[in-house]
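So the chains spell out like this:
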Amino acid sequence: MTTKRGRPRGFDRDAALAQATLLFWRHGYEGTSISDLTAAMGISPPSLYAAFGDKRTLFTEVVDRYGATFGAFMNKALDEADDARTGFATMLRQAAVSYTDPRHPAGCLVISAATNYSAQTADIERSLRGRRVANVRSFQRRLEEARDRGALPGDTDTRALAVFFAAVIQGMSQQARDGASTGELLSVAEYAMAAWP
């Protein structure tokens, strides 16, 4: 009698990916083992490797999926607003709501998933840092556009303001993980917008 290997009948790749997302979001890259993943995803280790590659490849797919779903509010708020100030205010308010939503782990996966890492997984930390740095550059571009259109004073330090908004977003994520409420983070968003030049 031969044993069949590979994905189980009825394997739902999207559902399995959603479970992996929640695990990595809750426990980080280092804190999530292959056995944790296979148990949550309802598949065997060979099935995981066949469907997603290794743990690093799966994590990269999870982070991409997170950016296109849970994390999409940031760019959407900035892209759809009529002016930069409204865009940043909307982004911060939506962060307050998203980061405290009880339907998923608190905070932001990209901010929290690599807080603990070893020398063997330093590439994961660098990758997530690269994504956060890209957000700062994106913020800065939008602020420069606002300054060029006269929506910000001509002497605005757009780099410093971009880093400020990134620090607020990252702080809100950690505060949510520490138990801050939606209301508290909405107040943070309001205070942060008071710094708008």
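Residues numbered from 1 in each chain as written. Predicted model: local features only at pLDDT ≥ 70, side-chain atom pairs only at ≥ 80, totals over all residues. Heavy atoms only, no water.

### Brief notes about the overall build of the protein
What the protein contains, in helices and strands, is 10 helices and zero strands. Listed by position from the N terminus, the elements making up the protein come as α-α-α-α-α-α-α-α-α-α. Dimensions along the principal axes, computed over C-alpha positions, put the protein at roughly 75 × 30 × 30 Å. A total of 197 residues make up the protein; the buried ones form 43% of that total. Sequence-distant contacts in the protein: of pairs separated by 6 or more residues, those separated by 24 or more amount to 68%. By element, 49% of the accessible surface of the protein is carried by carbon and sulfur atoms, the whole surface being about 10,500 Å². Between the centroid of the 24 positive side chains of the protein and the centroid of its 22 negative side chains there is a distance of 7 Å. (Helix = DSSP H or I, 4+ residues; strand = E, 2+ residues; numbered from the N terminus. Buried < 20%, exposed > 50% of the residue type's maximum accessible area, 1.4 Å probe, protein only. Contact = heavy atoms within 4.5 Å. Areas by Shrake-Rupley, 256 points an atom, 1.4 Å probe, with all protein chains shown as cover. Lys, Arg positive; Asp, Glu negative; His and termini not counted. Charge placed at Lys NZ, Arg CZ, Asp CG, Glu CD.)

### Concerning the layout of surface pockets
Considering only enclosed or pocket space, the largest pocket measures out at about 360 Å³ in volume. Lining the largest pocket are 21 residues, and of these Gly-71, Met-74, Val-110, Arg-131 and Asn-135 lie nearest its centre. Those elements giving two or more residues to the lining of the largest pocket turn out to be helix 4 (55-68), helix 5 (73-80), helix 7 (109-112), helix 8 (122-148) and helix 9 (158-177). (1 Å grid on protein atoms, 1.4 Å probe; cavity = no way out; pocket = protein on both sides within 12 Å on 5 of 7 lines; lining within 4 Å. Points joined across faces, edges and corners; volume = space filled by probe spheres on them.)

### What to know about the nonpolar core
One finds Leu-58, Met-91, Leu-92 and Tyr-99 to be the most contacted residues of the largest nonpolar core, which totals 59 residues. Leave out the neighbours within four places in its chain, and Met-91 touches Phe-73, Met-74, Ala-77, Leu-78, Phe-139 and Ile-169. (Core = buried A, V, L, I, M, F, W, Y, C linked by side-chain atoms within 4.5 Å.)

### Let's talk about helix 5
Buried within helix 5 are the following residues: Phe-73, Met-74, Ala-77 and Leu-78. For helix 5, the angular spread of buried residues about the axis comes to 125°, placing them on one side. Structural note: helix 5 exposes Asp-79 and Glu-80 on the side pointing more than 90 degrees away from its buried face. Buried residues along helix 5 sit in contact with helix 6 (84-99), helix 8 and helix 9. (Arc of directions from axis to C-beta.)

### Re the pattern of salt bridges
Between side chains of opposite charge, pairing is possible as soon as their charged atoms come close. Evaluation of the coordinates by the stated rule reveals eight salt bridges. Linked by salt bridges that have partners in common, Glu-125, Arg-129 and Arg-132 make up one network. (Salt bridge = Lys/Arg side-chain N within 4 Å of Asp/Glu carboxyl O.)

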